[in-house]
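Read off the chains here:
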Amino acid sequence: MKFLIITLLVSFSFSATRIDVVPINWAGIKSTPPSDSLSLTTKKLMNNSIKYFISHYLETLPDSAGLFRLSAYTDSNHSKIREPATGSELIGTALATGSYDSLIVGKGLNEIVSTEVKLIKSLTTVYWGNGGTFLGGWNCWQCALWAAQCGLGAWLVWDKLDTLTQTQIARMLEKEANKLYYDPPYCNDCTDDTKAEENAWMAMAMTLSIAMMPNHPNASTWKTRASQWMLSAFARESDLRRNVLVDGKLPRDWIRGWNMNENGYVYNHGLTHPDYMCTIMLNVYSSMYQSLAGQTISQAAIYNFDEVYNCFANYKFPVPPFRAPGGTIYQEGKANVYYPSGTDWSNARIDLHLQVSAFASLFPDVAKRSAIHPDVWAKIRADTIEWRMKRFTTGQQYAPGEWDYAGQSPWILAEVMGGSMFSSTYLARWIKSSGAFSKVGNWHLTTPDTVPPNTPANISATAADMSTIALRWNRVTDVGSGTAYYLLLRDNKEIAITKDTAYTDNNLLSGTTFSYKVFPIDFNNNKSLSPAAASATTLSDASALLPVKAAVIDSATLNIAFSNNVDSSTASLLSNYTGEGFTISGVTVCKSGNEVLLKISPL
């Protein structure tokens, strides 16, 4: 154990600098702004949120040595770091995508660039790993989330930052990414607090670090840990039995537990909580990070996104045990959502669901789970939030009483968090519109693999006995990532997955024909287009002696034929036979071996 700890410390001793960061290759992105109605509305919401964040938060902060003086960090006021970190992501997105609107915000472009730079410098200066003070420094449970938000904001305006700030950003992300050398926690069957949100945000610093510092000595380790933590976040118990590869491994080889109910919902704060179902977005954010870096999007990043969205759109919560009126969380034509157990936050919090639907539309396998296209749900909520904002001149969306917290009306963090939903939604759709949205695959591969393996040759199925069939086939050489497993189906139902080219199927019915299919699967989870197929019939039970025919020879003789040859020494014993309605007085074993003649009373 001491050796293991020493090894970990050595492997994570590297200190990153600005040189380790690869800037975004903007020249490789066509920069084609999305023109659809949802994206245009989301852009307005983003700029309104910037306006509110600046006037109601940043401009209220005191200035110290040319930096914003951020509130001292304590466990009870951790939002005092989260607010500026979230705001830096919000502003950075608007600047990088060219969607900043000075007419809405009321600040000129040069002024807002200076504000963003000052905000990022203020955050990195007080980060504990950069020498921040004990009171002002932040080093905490949720810091991976804040570091990712601040880090993305900085990466988006990288060329505007001085070299010291760039190095501080690199070291902040490195330290947060290096923290997760242990296995993720699981909720399993708990009904209080899932670990889904926590595990997902923990992985964010790693996925962003992989995008920004792909050549860092720890990048490979970060990828391995990020796959594990993202997969663990929204795994179900049944996923531990699934024969689907995720980033090159079966789920049961990555994780040891689960955090999500089989139907796609999670518990948090003792409630079945739709708001915390939306935290799967903390995994899906990786799609933006990896796309900006031109990297493959991890399969773990969107694992079970389709199941969560299916729960939103289709799963009908019964009453009881859930609250009336029951039914689906998303209801046609309505912006607000149904909370099956109520909510301890606000039922007006629809910005989360705007975002999750807008992202769902970017992934065909997720979007198809809903009869109503996700963009329709997103647009209903975007229009509602736009209407809310038109009630004010400040850019806020919530009126007093719609989301109050600790005497604040409205709650500033809620407004800024909403802004983050709008900015990430717009950024993802901007990347997609610009043709830079990456493919999903096994990001541990050096090069993408989209070619499925060939069909195995020379498959054979042979009955070994009454309950066993032995299968064999030739090994398949995959030209892409290599053959990882062979998936076996019996009568079109999955029965096993193996790395071998042979399999023994046991505990079968005797005298029964079974059909088999074998599909090779490569390390990117590509399955062969057609299977190798074979069939075999298990042997009949030789010990079963069943009468198969009875024939009257004459009025006093009955011929009985059996399924197998009889034992002449016992078959000739009169005591082995009884008759109903007649008596048996003699037995003769026929030369055929499977027939006897019974001497009976006249019929």
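Residues numbered from 1 in each chain as written. Predicted model: local features only at pLDDT ≥ 70, side-chain atom pairs only at ≥ 80, totals over all residues. Heavy atoms only, no water.

**Description of the overall build of the chain**
So, point 1. Within the chain one finds 19 helices and 17 strands.
So, point 2. Against the compact-globule benchmark of 25 Å for 603 residues, the chain has a radius of gyration of 33 Å, which places it well outside the compact range.
So, point 3. When the backbone C-alpha atoms are referred to their principal axes, the chain occupies close to 120 × 55 × 50 Å.
So, point 4. Here the chain, with 603 residues, has 54% of them falling under the buried criterion.
So, point 5. In the chain, once contacts between residues fewer than 6 apart in sequence are set aside, the share between residues at least 24 apart is 70%.
So, point 6. Carbon and sulfur atoms form 53% of the exposed surface of the chain, whose accessible area is close to 25,900 Å².
So, point 7. Distance between charge centroids for the chain: 3 Å, based on 49 positive and 51 negative side chains. (Helix = DSSP H or I, 4+ residues; strand = E, 2+ residues; numbered from the N terminus. Rg over C-alpha atoms; globule rule 2.2 N^0.38 Å. Buried < 20%, exposed > 50% of the residue type's maximum accessible area, 1.4 Å probe, protein only. Contact = heavy atoms within 4.5 Å. Areas by Shrake-Rupley, 256 points an atom, 1.4 Å probe, with all protein chains shown as cover. Lys, Arg positive; Asp, Glu negative; His and termini not counted. Charge placed at Lys NZ, Arg CZ, Asp CG, Glu CD.)

**Regarding the sheet that holds strand β12 (residues 513–522)**
Remark on secondary structure: sheet strands pair via backbone hydrogen bonds, oriented parallel or antiparallel.
So, point 1. Taken in spatial order, the four strands line up as β10-β9-β12-β13 in an open sheet, and their pairing is antiparallel. The sheet is open, and its two borders are formed by β10 (493–498) and β13 (532–537), each paired with just one other strand. The sheet shows a mean angle of 25 degrees between the axes of neighbouring strands, taken without regard to direction. (Pairing = 2+ DSSP bridges. Axes fitted to C-alpha atoms, helices over the stretch in contact; angles between N-to-C directions.)

**Considerations on the pairing of strand β16 (residues 584–589)**
A regular strand places its side chains so that they alternate between the two faces of the sheet.
So, point 1. Bridge count for β16 against strand β17 (residues 595–600) is five bridges, and the pairing is antiparallel. Across the sheet, the residue bridging to Val589 is Val596, located in β17.
So, point 2. Where β16 folds back on β17, the antiparallel hairpin that results is connected by five residues, among which Gly593 adopts a positive phi of roughly 95 degrees.

**Description of the side chain of Thr557**
So, point 1. Within the element layout of this structure, Thr557 appears in strand β15 (residues 557–562).
So, point 2. Here Thr557 is in contact with Ala551, Val552, Leu597, Leu598 and Ile600, once residues within four sequence places are set aside.

**Quick look at the packing of aromatic side chains**
Aromatic rings considered in pairs are described by the distance between their centres and by the relative angle of their planes.
So, point 1. One pass over the full model with this rule turns up 25 aromatic pairs.
So, point 2. Ring geometry for Tyr265 versus Phe317: centroids 5.4 Å apart, planes at 45 degrees, classification tilted. Of this pair, Tyr265 sits in the loop between α10 (251–254) and β3 (267–268) while Phe317 sits in the loop between α14 (305–313) and α15 (351–360), and the two are 52 residues apart along the sequence. The same class applies to Tyr265 and to Phe317, which are both buried.
So, point 3. Considering the side-chain rings of Tyr330 and Trp377, the 5.4 Å spacing of their centres and the 50 degrees angle between planes classify their relative orientation as tilted. Within this pair, whereas Tyr330 is found in the loop between α14 and α15, its partner Trp377 is found in helix α17 (residues 374–389), the two being separated by 47 residues in sequence.
So, point 4. Feature note: the residues Tyr265, Tyr267, Tyr315, Phe317, Phe322 and Tyr338 constitute an aromatic cluster, connected by ring pairs.
So, point 5. When the ring centre of Trp345 is taken as origin, the NZ or CZ atom of Arg349, which lies over that ring, is 5.9 Å away.
So, point 6. One residue, Arg381, lies across the ring of Tyr330, its end atom 4.2 Å from the ring centre. (Phe/Tyr/Trp six-rings, centres within 6.5 Å; stacked < 30°, edge-to-face > 60°. Lys NZ or Arg CZ within 6 Å of the ring centre and 35° of its normal.)

**Overview of helix α8 (residues 196–212)**
So, point 1. For α8, with 17 residues, the first-to-last C-alpha span of 25 Å sits near the 24 Å given by 1.5 Å per residue.
So, point 2. The largest bend in α8 is about 30 degrees, located at Met204.
So, point 3. In terms of burial, α8 is largely enclosed, as 17 of its 17 residues are buried. (Expected span 1.5 Å × (residues − 1). Bend = angle between axes of the 7 residues up to and from the residue.)

**So, the sheet that holds strand β8 (residues 469–472)**
So, point 1. Strand order across the open sheet formed by three strands is β7-β8-β11, with antiparallel pairing between neighbours. Looking along the sheet, the strands with just one partner apiece sit at the ends: β7 (460–463) and β11 (502–505). Recorded for the sheet is a direction-independent mean angle of 15 degrees between the axes of neighbouring strands.
So, point 2. As paired elements, β7 and β8 share four bridges and run antiparallel to each other. The residue of β8 that forms the bridge with Thr462 is Ala470.

**Comments concerning the pairing of strand β14 (residues 547–554)**
So, point 1. The element β14 is largely exposed, with a buried count of zero among its eight residues.
So, point 2. Here six bridges tie β14 to β15, and the two strands are oriented antiparallel to one another. Within the sheet, the bridge partner assigned to Ala551 lies in β15 and is Asn559.
So, point 3. Linkage of β14 to β15, two consecutive antiparallel strands, is achieved through a turn of two residues.

**A word on the nonpolar core**
So, point 1. Formed by 141 residues in total, the largest nonpolar core has its most connected members in Ile50 and Phe305.
So, point 2. Once you skip the residues sitting within four places of it in the chain, Ile50 turns out to touch Leu90, Ile91, Ala94, Tyr100, Val105 and Ile112. (Core = buried A, V, L, I, M, F, W, Y, C linked by side-chain atoms within 4.5 Å.)

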